[in-house]
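Remarks on the overall topology
Given next are the chains, with one letter for each unit.
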Amino acid sequence: MAQLRLTDFFGRAKAAATVPPKRGGGSRLKAAPGGAPVHREAEDGAPPPLPASPRTPSRGVVPAVPGLAGRKRSRREMEAEQGTGNGTGNGTGERGGKSARKRLELPAVRGDTGGGVAASPVCPHGTPCVRPGGRGGVPRTVPNAAPEDLAALRSRLQRMKMKMKAPSQLPPIPAGAGAELRGRLETLRGLELRLRDKAGASGAQAQETTAPAAAGDGGQKLPAYQRFHALAQDQPPGLTLPYKYKVLAEMFRSVDTIAGMLFNRAETITFAKVKQGVQDMMRKQFEERHVGQIKAVYPTSYRLRQEKNIPTFGSGVKKSDYQLTLEPVLGEDEKLCGRPHLSASRLLERRREFNRSLVNIVKQHHAAFLASLTPPMVVPEDKLTRWHPRFNVDEVPDISPAELPQPPQEERITTAQELLSTARGMMIPKMEKALANLALRTAEAGAGEPVVSKAPSPASTSSALKGVSQELLERIRAKEARRLQALMTRDAGQEERLALLGRLPAMARVLRNVFVAEKKPALPLEVACARMAESFPTQMTAGEMEKHLRLFAELLPDWVGIHAIRTDTYIKLDKNKDVGLVVERLTKVAKEAEAL
């Protein structure tokens, strides 16, 4: 069957409206009450009629023009029809001479048709529940299930929970129960009490284990970027500082910068001015405690005093109040135009001195850590180039702040003994007796025995090492201590040579492949370095690759040789040697150098 077009609907509808129905046999067209024609099948075997066409809402009575059903109307006819519709409109919202596009309305689906389309159920808001996308373009209906009351569902859920919940205690034993039933109930009651006691003991033990952990770190746990700051450094391992020490060094640099500007302008340096400047530079809180730490690390950096009658210029501090002032300590020769001057070179020297003091403090903690090992280790501080591998740098305790000068205070009564001696004879006997008892208890509490710190117990032998000879364990520990001591006293030159030696075994195979690919017994040194830099997995420059090739010639002169001929330098390789033996020799040399 050919595909139908939308114009066929309108053509047949208008033709049916103009042609009167026949009284004889054949197909008949009856107008439906709603205006849509109803097609009935012809008795003489005519083709099946078309389905009901979509219709538009009527905007007025338009006279039917016979013979123009399938013809395209002209603009004048459309304007005439539009004018008629506007004159007899029904309030559809059309204005003036412009008409909006007409919207098509689908015919209502009847429940008594035999076309297989059932009546659509009505939704709660009064519209048919139709789901688009049915088979053959027919809308699919959605059954509407009435929602269950929410309160009823909640009550049912509550009843189910109450049924599933176990009783908190066993029911009482009935009076008429037999001896066997009574014995079983008594056994169950004993088991219940035992389980309750066990659960209470486990909960108390868990609280005891979590309480010391929370009290050990001061009630708050440091973030990971502070606890593992030393591990996240991209620089080679060395005498790195903890995160809090680095922050303190940056604070000292900021304080020195601000104090230098104020001091060179002959302006009094107060803590309030320095605090505001440091917080603006570092975006961190700066307090008097940090000034005390700076004083403890570098005692000769500043001269601290409490002074008053300093102009404040509306900073919220009274002029008569005492303020903490800082004055840089300079030498006699550090003068400019007859007065002391804090120069940029002097600022750099003070910064280096502060960093050296911080490193010395960490060295003291490191020495205490080495002394606590088994066996103890002693490394001279001037030969120390890196920390022990098991020494956690970021767990070094914070620096105790030095005592700062305090403003002079008037005599104030702070203890019961002072109050008793001052107001003796002015109080009633009952109050005087209470103050005397309080002073006595305070004195007894202060005269208590001092707390003796327990020395750390020596490391006990692990259970996994039981049965192993103690002499063998001592030899292994001594060897490990010697290896770690050599690691901590290794200088930068030795570190660089060890790094070169570690890469030679893998580089030997690449070098031989380069000579095999070039099919030459000798190559210019620049060409060999370029080929090696392109072939080796690790990215290196030509200069770094030349160091490795010269080290080959130093360690294996019978395999690699470097010869200078006139103005050029050539490298020669013996391709007849087994590369496996060469790799073994290089690996052995690297292990021996690391053990030294």
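Quick summary incoming for the structure in this document. (Residues numbered from 1 in each chain as written. Predicted model: local features only at pLDDT ≥ 70, side-chain atom pairs only at ≥ 80, totals over all residues. Heavy atoms only, no water.)

On to the overall build of the chain. From N to C terminus, the chain includes 16 helices and twelve strands. The long-range fraction of contacts in the chain, counting pairs at least 24 apart against all pairs at least 6 apart in sequence, stands at 58%. With an accessible surface of roughly 43200 Å², the chain has 55% of that area assigned to carbon and sulfur atoms. (Helix = DSSP H or I, 4+ residues; strand = E, 2+ residues; numbered from the N terminus. Contact = heavy atoms within 4.5 Å. Areas by Shrake-Rupley, 256 points an atom, 1.4 Å probe, with all protein chains shown as cover.)

With that out of the way, let us pick up the packing of helix H6 (residues 243-264) against helix H9 (residues 344-371). The geometry of a pair of packed helices is captured by two quantities: the angle between their axes and the separation between those axes. Axis separation between H6 and H9 bottoms out at 10 Å; the angle between their running directions is 160 degrees. Classified by the angle their axes make, H6 and H9 are roughly antiparallel. Like other packed secondary-structure pairs, H6 and H9 cross with a definite hand, here right-handed. The residues of H9 that touch H6, namely those facing Tyr 245, Leu 248, Ala 249, Phe 252, Arg 253 and Asp 256, are Leu 347, Arg 350, Arg 351, Phe 354, Asn 355, Leu 358, Ile 361, Val 362 and His 365. For the contact of H6 with H9, the residue count by class is nine nonpolar, two polar and four charged. (Axes fitted to C-alpha atoms, helices over the stretch in contact; angles between N-to-C directions. Parallel < 35°, antiparallel > 145°, perpendicular 65-115°, else oblique. Left-handed = near helix turned anticlockwise from the far one by under 90°. Nonpolar A, V, L, I, M, F, W, Y, C, P; charged D, E, K, R; others polar.)

Counting residues in each nonpolar core, the largest one holds 50 residues, and the members touching the most others are Tyr 245, Val 255, Phe 286, Phe 354 and Leu 358. The set of elements that each furnish at least two residues to this core consists of H6, helix H7 (271-282), helix H8 (288-297), strand E6 (302-307), strand E7 (323-328), H9 and helix H12 (470-488). For this core, the element with the most residues is H6, which contributes twelve residues. Apart from residues no more than four positions distant in its own chain, Leu 358 is found in contact with Leu 241, Tyr 245, Leu 248, Ala 249, Val 297 and Ile 399. In this structure, Leu 501, Met 507, Ala 508 and Ala 590 belong to the second largest nonpolar core, which totals 31 residues. (Core = buried A, V, L, I, M, F, W, Y, C linked by side-chain atoms within 4.5 Å. Buried < 20%, exposed > 50% of the residue type's maximum accessible area, 1.4 Å probe, protein only.)

Moving on, we come to the sheet that holds E6. Read from one edge to the other, the open sheet built from three strands follows the order E5-E7-E6, with strand pairing classed as antiparallel. Pairing within the sheet leaves two strands with one partner each, and these edge strands are strand E5 (269-270) and E6. When E6 meets E7, the two strands line up antiparallel, connected through six bridges. The residue bridging Arg 305 from the neighbouring strand is Thr 325, located in E7. Running over the sheet, H6 touches E5, E6 and E7 and is turned about 65 degrees from E6. (Pairing = 2+ DSSP bridges.)

In this section: the sheet that holds strand E10 (residues 522-524). Spatial strand order, E10-E12-E11: three strands in an open sheet with antiparallel pairing. At either end of the open sheet lies a strand with only one pairing partner, and these are E10 and strand E11 (560-565). When the angles between neighbouring strand axes are averaged without regard to direction, this sheet yields 30 degrees. Both E10 and strand E12 (residues 568-573) contribute to a ladder of three bridges, which runs antiparallel. Paired with Ala 522 across the two strands is Lys 572, which belongs to E12.

The next thing to look at is the packing of aromatic side chains. In total, this model carries six aromatic pairs according to the counting rule given. Ring centres of Phe 252 and Tyr 298 lie 6.0 Å apart, and the angle between their planes is 50 degrees; this geometry places the pair in the tilted category. With Phe 252 in helix H6 and Tyr 298 in the loop between H8 and E6, the pair connects residues that are 46 residues apart, well separated along the chain. By the burial criterion, Phe 252 is buried, and Tyr 298 matches it. With a centroid separation of 4.3 Å and 5 degrees between ring planes, the pair formed by Phe 252 and Phe 354 is classed as stacked. One end of the pair, Phe 252, is in helix H6; the other, Phe 354, is in helix H9, and 102 residues separate them in sequence. For the residue pair Phe 252 and Phe 354, the accessibility class agrees, reading buried in each case. Three or more aromatic residues joined by ring pairs form one cluster here, namely Phe 252, Tyr 298 and Phe 354. For Arg 339, the ring lying beneath its charged end belongs to Phe 263, and the centroid distance is 5.7 Å. (Phe/Tyr/Trp six-rings, centres within 6.5 Å; stacked < 30°, edge-to-face > 60°. Lys NZ or Arg CZ within 6 Å of the ring centre and 35° of its normal.)

Further remarks concern the pattern of salt bridges. A complete count under the given rule lists 19 salt bridges for this structure. With a shortest N-O distance of 2.8 Å, Lys 273 and Glu 267 are connected by a salt bridge. For Lys 273, a relative accessible area of 29% corresponds to the partly exposed category. Linking Arg 550 and Glu 546 is a salt bridge whose minimum nitrogen-to-oxygen distance equals 3.2 Å. Residue Arg 550 and its partner Glu 546 are both found in helix H15 (residues 542-555); the two are separated by four residues, about one turn of the helix. According to the relative accessible area criterion, Arg 550 is partly exposed, its value standing at 41%. Assessed through its relative accessible area of 27%, Glu 546 is described here as partly exposed. Via salt bridges that share partners, Arg 303, Arg 305, Glu 307 and Glu 327 belong to a single interconnected network. (Salt bridge = Lys/Arg side-chain N within 4 Å of Asp/Glu carboxyl O.)

Our next topic: a nonpolar patch on the surface. Together, Leu 465, Val 468, Leu 472 and Ile 476 line one region of the surface with nonpolar side chains, adding up to about 290 Å² of accessible area. You can see Ile 476 is positioned in helix H12. Judged by relative accessible area, Ile 476 falls into the partly exposed class, the value being 49%. (Patch = residues over 30% accessible without salt bridge, like charges linked within 9 Å, V, L, I, M, F, W, Y side chains within 5 Å.)

Here we come to the pairing of E7. Of all six residues in E7, five are buried; the element is thus mostly enclosed. Across two bridges, E5 lies against E7 in antiparallel orientation. Considered in E7, the bridge of Ile 269 is made with Leu 326.

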